[in-house]
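A look at the structure
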Amino acid sequence: MKMYLISDNVDTLMGMRLSGIEGVVLHEEDAVRNKLLSLMKSDDIAVILMTKTAVDLCRDTVYDLKLNFKQPLIIEIPDRHGNGRTSDSITGYVQEAIGIKL
C-alpha cells in the first residue's frame, strides 16, 4: 500500500519525494477533484495526503469522501507556509460529521 500527495506547491512535493512519497502539483479545482476521485478508485493507495490549499479547492468533495469511504484515508497537511490550523479543520470536520460543537 502506498501514500500519495496532492499538493499546491512544488516544495511540498519535493520534500515528500525525498521520503519516497509520489504526488502531483495541481492548482485548479477540477484537476484536484478529478485526481482525488481517480485515487479513490486505486487499489494500491492507502493514504492520500493533501495540502490545506488543495483541500480548500474542493472541500465539499473531500468531506464527502471522508464520510462515505473507509479507504483510502485522506489527511490534510499544512502547506509550506505552515498555517498551523490543521487541528481546527479536524475539529470542524468532526463537528460537521456528528453535528455537535466541540
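A brief structural summary. Sequence positions are assigned chain by chain, starting from 1 and proceeding in written order. Restriction of local features to residues with pLDDT of at least 70 applies here, the model being predicted, together with a cutoff of 80 or more for giving and counting side-chain atom pairs; totals for whole chains, interfaces and linings are based on all residues. Side-chain measures were taken over the full set of non-hydrogen atoms in the model, leaving aside hydrogen atoms and water.

With respect to the overall build of the protein
What the protein contains, in helices and strands, is five helices and four strands. The proportion of buried residues among the 102 residues of the protein is 36%. We call two residues contacting when some pair of their heavy atoms lies within 4.5 Å. Nonlocal contacts in the protein, meaning residues at least 24 apart in sequence, comprise 62% of its contacts between residues at least 6 apart. Here a strand is any run of E in DSSP of at least two residues, a helix any run of H or I of at least four, and the numbering for each starts at the N terminus. Note on classification: 1.4 Å probe, protein chains only; a residue is buried when its accessible area is under 20% of the maximum for its type, exposed when over 50%, partly exposed between these limits.

Some points on the packing of helix α2 (residues 29-40) against helix α4 (residues 59-68)
Fitted lines through C-alpha atoms give the axes, limited to the stretch in contact for helices. The angle between two N-to-C directions lies from 0 to 180 degrees. Across the interface, α2 lies against α4 with an axial gap of 10 Å and an inter-helix angle of 15°. For the element pair α2 / α4, the angle class is roughly parallel. In this structure, the crossing between α2 and α4 has a hand that is right-handed. Residues R33, L36, L37 and M40 of α2 form the contact with α4, whose own contacting residues are T61, V62 and L65. Among the residues making up the contact of α2 with α4, the classes are represented as five nonpolar, one polar and one charged. What sets the label is the angle itself: under 35 degrees gives roughly parallel, over 145 gives roughly antiparallel, 65 to 115 gives roughly perpendicular, and the rest give oblique. Handedness of a helix crossing follows the sense of rotation of the near helix relative to the far helix, less than a right angle counterclockwise being left-handed and clockwise being right-handed. In this classification, Asp, Glu, Lys and Arg are treated as charged, Ala, Val, Leu, Ile, Met, Phe, Trp, Tyr, Cys and Pro as nonpolar, and every other residue, Gly included, as polar.

Section: the sheet that holds strand β3 (residues 45-51)
With parallel pairing, the four strands of this open sheet are ordered in space as β2-β1-β3-β4. Strand pairing shows two members of the sheet lacking a second neighbour, β2 (22-25) and β4 (73-77), which therefore form its edges. For this sheet, the mean angle separating the axes of adjacent strands, direction not counted, is 20°. Note on pairing: two strands pair once DSSP finds at least 2 bridges between them. Examined bridge by bridge, strand β1 (residues 2-7) and β2 share four bridges and lie parallel to one another. By the bridge assignment for β2, S7 is matched with V25. Its contacts with the sheet put helix α1 (residues 10-18) on β1, β2, β3 and β4, and the angle it makes with β2 is roughly 175°.

Brief notes about the pattern of salt bridges
Here, a salt bridge means any Lys or Arg side-chain nitrogen found within 4 Å of an Asp or Glu carboxyl oxygen. Scanning the entire structure with this criterion turns up seven salt bridges. With its nearest N and O atoms 2.8 Å apart, the salt bridge here joins R33 to E29. Of this pair, R33 and E29 are both found in helix α2, four residues apart, which corresponds to roughly one turn of the helix. With its nearest N and O atoms 2.6 Å apart, the salt bridge here joins D56 to K52. One end of the pair is D56 and the other is K52, both in helix α3 (residues 52-57) and four residues apart, which spans about a single turn. According to the relative accessible area criterion, D56 is partly exposed, its value standing at 38%. Shared partners join several salt bridges into a network, and the residues in it are K52, D56, R59 and E76.

So, the nonpolar core
By size, the foremost hydrophobic cluster in this structure holds 17 residues, and its most contacted members are I6, L36, I48, M50, V62 and I74. For this core, the secondary structure elements donating two or more residues are β1, α2, β3, α3 and α4. Ignoring any residue separated from it by four or fewer positions in sequence, one finds I48 in contact with Y4, I6, L36, L39, M40, P72, L73, I74 and I75. In this text, buried Ala, Val, Leu, Ile, Met, Phe, Trp, Tyr and Cys residues form a nonpolar core when linked through side-chain atoms within 4.5 Å. Counting eight residues, the second-largest nonpolar core is a separate cluster that includes I21, V47, L49 and I77.

Nothing here speaks to function; it is geometry throughout.
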